[in-house]
Amino acid sequence: MQDDERPIQSITRDILRRIVFLASMFVLLVSVVQCWVQYRSEIERVDALVATLAGSHVPLLTVALWDIEPEAARRQVAMIAAHPEIGSVRLTTMTGMTFQVGLGDASGTADFVTPIPHPQGRMQPLGELSVAYNWQQVRRNILISVAMATAKLSLFILFISVVVYRVIVSRLKKPLRQIARYSQRLSPNRDNPPLKIQRPERPWRDEIDLVSEGFETLRGTIGRYSAERDKAMAALARERDQLEARVQERTAELEEHRRELIRMTRTDPLTGLANRRYFDDAKRLEERRARRQGTPISLVMIDVDYFKAYNDRYGHAKGDRCLVRLAQVMREHCRRAGELAVRLGGEEFALLLPGQRMQETQELAEKLRQTLYDANLVHEGSPIGRVSVSIGCATWEPGCELPLDEKLFDRLLSLADKRLYQAKHNGRNQVVAEDRTPAEVPW
């Protein structure tokens, strides 16, 4: 969920601003209405005033005009014009006399006109009285009345707004601010304290109380969620540790099986020596090293003398023990790095000796033959009377007759095998490692 980038604004300030706006509109509307009402009221008041003045002064004017007393008529006109709401007064008689008091021409802008009746009730009046209002004073009176009414209304609305604001602050703003601060501190990663709102005691509940109860429910839910989450995380951690332990254990088992499988694919199950497959891989590796570095390499072929007769006389189980004893002797004599003792099959064995020259190879083969002979394993089927071996050796070293090419090992194997059979032909229980003459070399 994306964060809301809108600015934070107090709800009480927004409510107060709306109240002030609505109150201002209300005051404005009331002022307009008040202006109209005051205008009508002021016009009616002035009309009533002028009518009253006319009612009280017209009889006196009738007497003054009938008795032809100009000064008395002028005084009556001046008394009418003395009121601030009256701008000017004009009295016109039938004899052509005119009495005017005030500014302006009342005849042209008269707001009130009344005849001066004849004292004997004749139709012909003695004159005409014209009154023009002082509209500047009338407007001033209207504005003063409206201003006072507006000021009273404004003060009343201001008082109401202040009271409402205080009530909102005490009953709404403070609780909402406490709830807002509390909601900001709520977190699923800690133990949240209960929400405590400082409010006066009331015999009822309101929306703030409902919100507070909702937050308390939310706090309990968050607490249960946090406890369940911690429990789940702990269980997950234990399961992970157990899984890692099982994976490590299983990996170790697989690694052990892998090593065992490799050992089984490379090892002869009876003697524990390398088998023919491992021998084929090793000889190719050593052949490439000899060709690359020019180091000597030797191959020894071993065969147990009269072994078929041994099996026929003593049985295959004892024959297997005889082969195991020979394998033990071969391991004892192959301790240098890279030297490999191999069972090729049946009673045939081989030694791969990288880095050994012909003389060293011949000495090693002779020691091996002598060790097995000295073991004195009885073999009544052999003319020698004990178990013996025939050995053929072949060596490549710098300066020898064998070519150093990709068929080097095949030539060594063929040469060692031929010398092995030469040892058998010569009476067995011997080592043949002499180089052949150049005329006999087929390559």
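Residues numbered from 1 in each chain as written. Predicted model: local features only at pLDDT ≥ 70, side-chain atom pairs only at ≥ 80, totals over all residues. Heavy atoms only, no water.

Undergrad: Describe in detail the sheet that holds strand β7 (residues 348–354), supporting the description with residues and values.
TA: Pairing between sheet strands relies on hydrogen bonds along the backbone, with the strands arranged either parallel or antiparallel. A sheet is described by the order of its strands in space; here five strands give the open sequence β6-β7-β5-β8-β9, paired in mixed fashion. Across the chains shown, the open sheet's two edge strands, defined by having one partner strand only, are β6 (340–345) and β9 (431–432). Examined bridge by bridge, strand β8 (residues 389–396) and β9 share two bridges and lie parallel to one another. Residue pairing for β9: I391 is matched across the bridge by V431. The strands touched by helix α8 (residues 358–374) are β5 (297–304), β7, β8 and β9; relative to β8, the strand with the most contacts, the crossing angle is about 165°. (Pairing = 2+ DSSP bridges. Helix = DSSP H or I, 4+ residues; strand = E, 2+ residues; numbered from the N terminus. Contact = heavy atoms within 4.5 Å. Axes fitted to C-alpha atoms, helices over the stretch in contact; angles between N-to-C directions.)

Undergrad: Lay out the packing of helix α1 (residues 11–66) against helix α2 (residues 70–81) with the relevant residues and their values.
TA: Interhelical geometry of α1 versus α2 gives an angle of 165° and a closest axis separation of 9 Å. One finds that α1 runs roughly antiparallel with respect to α2. Seen along the crossing, α1 lies across α2 with a hand that is left-handed. When α1 is examined against α2, the residues L53, H57, L60, L61, A64 and L65 are found in contact with a partner set consisting of A72, A73, Q76, V77, M79 and I80. For the contact of α1 with α2, a count of residues per class yields ten nonpolar, two polar and no charged. (Parallel < 35°, antiparallel > 145°, perpendicular 65-115°, else oblique. Left-handed = near helix turned anticlockwise from the far one by under 90°. Nonpolar A, V, L, I, M, F, W, Y, C, P; charged D, E, K, R; others polar.)

Undergrad: Summarise the nonpolar core; cite the residues concerned and give the values.
TA: Counting 27 residues, the largest nonpolar core has I302, M330, L351 and I391 as the members making the most contacts within it. Residue contributions to this core peak at six residues, all from helix α7 (residues 316–333). Beyond its immediate sequence surroundings of up to four residues, M330 is in contact with L273, I302, A341, V342, F349, A350, L351 and L368. Listed in part, the 26 residues of the second largest apolar core include I43, V58, L61 and L91. (Core = buried A, V, L, I, M, F, W, Y, C linked by side-chain atoms within 4.5 Å. Buried < 20%, exposed > 50% of the residue type's maximum accessible area, 1.4 Å probe, protein only.)

Undergrad: Quick rundown of the sheet that holds strand β3 (residues 112–116)? Include the residues and the values.
TA: Reading across from one edge, β2-β1-β4-β3 is the order of the four strands in this open sheet, with antiparallel pairing throughout. Looking at the sheet topology across the chains shown, the edges are occupied by β2 (98–102) and β3. Along the sheet, successive strands turn relative to each other by an average axial angle of 10°, direction set aside. As paired strands, strand β1 (residues 86–93) and strand β4 (residues 127–133) are joined by seven bridges and run antiparallel to one another. Residue pairing in the sheet places L91 in a bridge with L129 of β4. Packing against the sheet, α1 makes contact with β1, β3 and β4, and its axis sits at approximately 25° to β3.

Undergrad: Tell me what's going on with the packing of aromatic side chains, and back it up with residues and numbers.
TA: For the structure on display, the rule yields three aromatic pairs. Ring plane angle 10° and centroid distance 6.1 Å describe the contact between F307 and Y310, whose orientation is recorded as stacked. Taken together, the positions of F307 and Y310, both in helix α6 (residues 307–314) and three residues apart, correspond to about one turn of that helix. Relative to Y314, the ring of Y310 lies with its centre 4.7 Å away and its plane at 45°, an arrangement referred to as tilted. Here Y310 pairs with Y314, and both are found in helix α6, just four residues apart, close to one helical turn. (Phe/Tyr/Trp six-rings, centres within 6.5 Å; stacked < 30°, edge-to-face > 60°.)

Undergrad: Run through the pattern of salt bridges, naming residues and quoting values.
TA: Scanning all chains against the criterion turns up 16 salt bridges. In this structure, D268 and R343 form a salt bridge, with 3.2 Å as the shortest nitrogen-oxygen distance. One end of the pair, D268, is in the loop between α4 (207–266) and α5 (276–293); the other, R343, is in strand β6, with 75 residues separating them in the sequence. Pair check on accessibility: D268 and R343 agree, each one buried. Among the ionic pairs, D305 bridges to R428, the shortest N-O distance being 3.9 Å. Here D305 is found in the loop between β5 and α6, whereas its partner R428 is found in the loop between α9 (408–425) and β9, with 123 residues between them in sequence. R428 gets classed as partly exposed once you look at its relative accessible area, which sits at 24%. Linked through salt bridges whose partners overlap, the residues forming this network are D303, D305, K424 and R428. (Salt bridge = Lys/Arg side-chain N within 4 Å of Asp/Glu carboxyl O.)

Undergrad: Tell me about unusual backbone geometry, and please be specific about residues and values.
TA: Unusually for a residue other than glycine, Y306 sits at a positive phi of about 55°. One non-glycine residue, R428, lies in positive phi territory at about 65°.

Undergrad: Describe α9, listing the residues and the values that go with them.
TA: Relative to the 26 Å expected for 18 residues at 1.5 Å per residue, α9 spans 26 Å between its end C-alpha atoms, a close match to the ideal helical length. Listed as buried for α9 are L408, F409, R411, L412, L415, A416, R419, L420, A423 and K424. The inward-facing, buried residues of α9 abut α5, β5, β7, β8 and β9. G427 sits one or two positions beyond α9 and adopts a positive phi of about 120°. (Expected span 1.5 Å × (residues − 1).)

Undergrad: Explain the side chain of Q356 to me, and be specific about the residues and the numbers.
TA: Along the chain, Q356 turns up in the loop between β7 and α8. Those residues in contact with Q356 that sit more than four places away from it in its chain are P296, I297, S298, R336, E339, T361, L364 and T395.

Undergrad: If you had to explain a nonpolar patch on the surface to someone new, which residues and values would you point to?
TA: A cluster of nonpolar side chains, L29, V33, W36, V37, Y39 and W135, forms an exposed patch at the surface whose accessible area comes to about 590 Å². Of all the elements, α1 adds the most residues to the nonpolar patch, at five residues. For W36, the location among the structural elements is in helix α1. On the basis of relative accessibility, which here comes to 56%, the residue W36 falls in the exposed class. (Patch = residues over 30% accessible without salt bridge, like charges linked within 9 Å, V, L, I, M, F, W, Y side chains within 5 Å. Areas by Shrake-Rupley, 256 points an atom, 1.4 Å probe, with all protein chains shown as cover.)

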